[in-house]
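An overview of the molecular structure
One letter stands for each residue in the lines below.
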Amino acid sequence: MPSQRRSQLRPTRRSRVRKTTPKAAAVKRSHPKTAWVFAGGGSLGAVQVGMLKALVRQKVLPDLVVGASVGAINGAYFAGRPSAAGVAELEKIWLRIRQDDVFPVSVLSGVAVLVGHRNYFVDPAALAGLIARLLPFSQMQDSKLPCYVVATDIYNGHEVCFSEGDAPKAVLASASIPAVFPPVQYGERYLVDGGVANNTPISTAVELGAERVVVLPTGFSCSIAQPPATLVAMALHALNLMIMKQLVRDIAVLGRRAEIIVVPPLCPVEITPYDFSQTASLIERAERSTKKWLKDGGFGPGEVPHALMPHNDADDPDVPYVVPRPEAKRKARRT
């Protein structure tokens, strides 16, 4: 393998942070050095679009962008078009996405897995095509904001952080959920979803020198009426629960090394990360919620949002989990 390609696959060190500046003239620079971190969450990635719509109106951009899983898709797109116009186009793209555009599951694919002919359920061609059409740059180093995409080496679980090289392939690797999609071969490595190694890559942002980390989480399906009905839906839901729990732990551990600010996700969320039927509603609610958060001094010091913590009642954060779940549940207040 050429040494140049190897350098693209090693975890990115702080000294490699690029100094490129976006062309938008009216942008205020964030100080201290700020990273925006985009977490994973399947179809709930639409929430990040709503957050971005509110954030870009503040005319404050990060110094770098870090993303994993669906957060790699949204984060890379934003790094390429960090403007209100770019976010508006990203919203249009999300509004056109349907479940089969990402997860075209068929009976034949299920049979192929059961008989041992392959180790994944979903053909990645649809997702790969979507990413290739969506990204505004083909090489990671050509993004307007420095962009870092996190994937996982399937052999050893090591985090692989891309800052240069083939952008569509890097983003596809970061979004390739194990068993749902096949690993992506990049050079001599086989890579899967970045959420496996680093669910919410706050630590990556801190290692890259960020003194302030703004996390855009997708939240989780806190108000679904019953467990996900299919294997793919269950895998996505379980991974998303893991991501949000790890995010809370990361904030506690890494909060001593950097200021960590979390844009509050939505609660209640009544769909799974497999369901793309509520994209417009998620975007609209997230935009409205983030506007209110900003108006209330959002970038100031704050606690971990209640919506990220385990809960079963959107109205009362003090209600613990109860088994069996109470039949009478107060109507959840929408954000």
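Just above, that's the structure.
Model, not experiment: these values are computed from the prediction. (Residues numbered from 1 in each chain as written. Predicted model: local features only at pLDDT ≥ 70, side-chain atom pairs only at ≥ 80, totals over all residues. Heavy atoms only, no water.)

**Some details on the environment of Ala72**
Along the polypeptide, Ala72 turns up in helix 3 (residues 70-80). C-alpha of Ala72 to C-alpha of Ala170: the two residues are 98 residues apart in sequence and 8.9 Å apart in space. Residues contacting Ala72, with those up to four places away along its chain left out, are Gly67, Val149, Val171 and Ser174. (Helix = DSSP H or I, 4+ residues; strand = E, 2+ residues; numbered from the N terminus. Contact = heavy atoms within 4.5 Å.)

**Considerations on the environment of Ala175**
Its location among the elements puts Ala175 in the loop between helix 8 (167-174) and strand 7 (184-186). Given the relative accessible area of 8%, Ala175 is considered buried. Each C-alpha atom of the pair Ala175 and Val192 lies 7.0 Å from the other, and the pair is 17 residues apart in sequence. Discounting residues that sit within four places of it in the chain, Ala175 has contacts with Ser69, Ile73, Leu127, Phe181 and Asp193. (Buried < 20%, exposed > 50% of the residue type's maximum accessible area, 1.4 Å probe, protein only.)

**Topic: the pairing of strand 6 (residues 159-162)**
Sheet topology places strand 5 (residues 147-153) next to strand 6; four bridges connect them, and they run antiparallel. Paired with Ala151 across the two strands is Val160, which belongs to strand 6. Following strand 5, the chain reverses through five residues before pairing antiparallel with strand 6; Gly157 in that reversal takes a positive phi of roughly 80 degrees. (Pairing = 2+ DSSP bridges.)

**Concerning the packing of helix 7 (residues 125-134) against helix 8**
Each packed pair of helices is defined by two parameters, the angle between the axes and the distance between the axes. At a closest axis distance of 9 Å, the pairing of helix 7 and helix 8 adopts a crossing angle of 135 degrees. Classed by the angle they form, the pair helix 7 and helix 8 counts as oblique. Note on packing geometry: the crossing formed by helix 7 with helix 8 is right-handed. For the pair helix 7 and helix 8, the contacting residues are Leu127, Ala128, Ile131 and Ala132 in the first and Pro168, Val171 and Leu172 in the second. The class makeup of the residues in the contact of helix 7 with helix 8 is seven nonpolar, no polar and no charged. (Axes fitted to C-alpha atoms, helices over the stretch in contact; angles between N-to-C directions. Parallel < 35°, antiparallel > 145°, perpendicular 65-115°, else oblique. Left-handed = near helix turned anticlockwise from the far one by under 90°. Nonpolar A, V, L, I, M, F, W, Y, C, P; charged D, E, K, R; others polar.)

**As for the pairing of strand 9 (residues 212-216)**
Regular strands have side chains that alternate between both faces of the sheet. A large share of strand 9 lies buried, amounting to five of its five residues. Of the two faces of strand 9, the one holding Arg212, Val214 and Leu216 and the one holding Val213 and Val215 are both buried throughout. Here strand 2 (residues 34-38) pairs with strand 9 via five bridges, running parallel. Bridged to Trp36 within strand 9 is Val214. Pairing of strand 9 with strand 10 (residues 259-262) involves four bridges; the strand directions are parallel. Within strand 10, the residue paired with Val215 across the bridge is Val262. At this point the chain moves from strand 9, through helix 11 (residues 231-254), to the parallel strand 10, and the crossover so formed is right-handed. (Right-handed = clockwise from strand over helix to strand, strands pointing away.)

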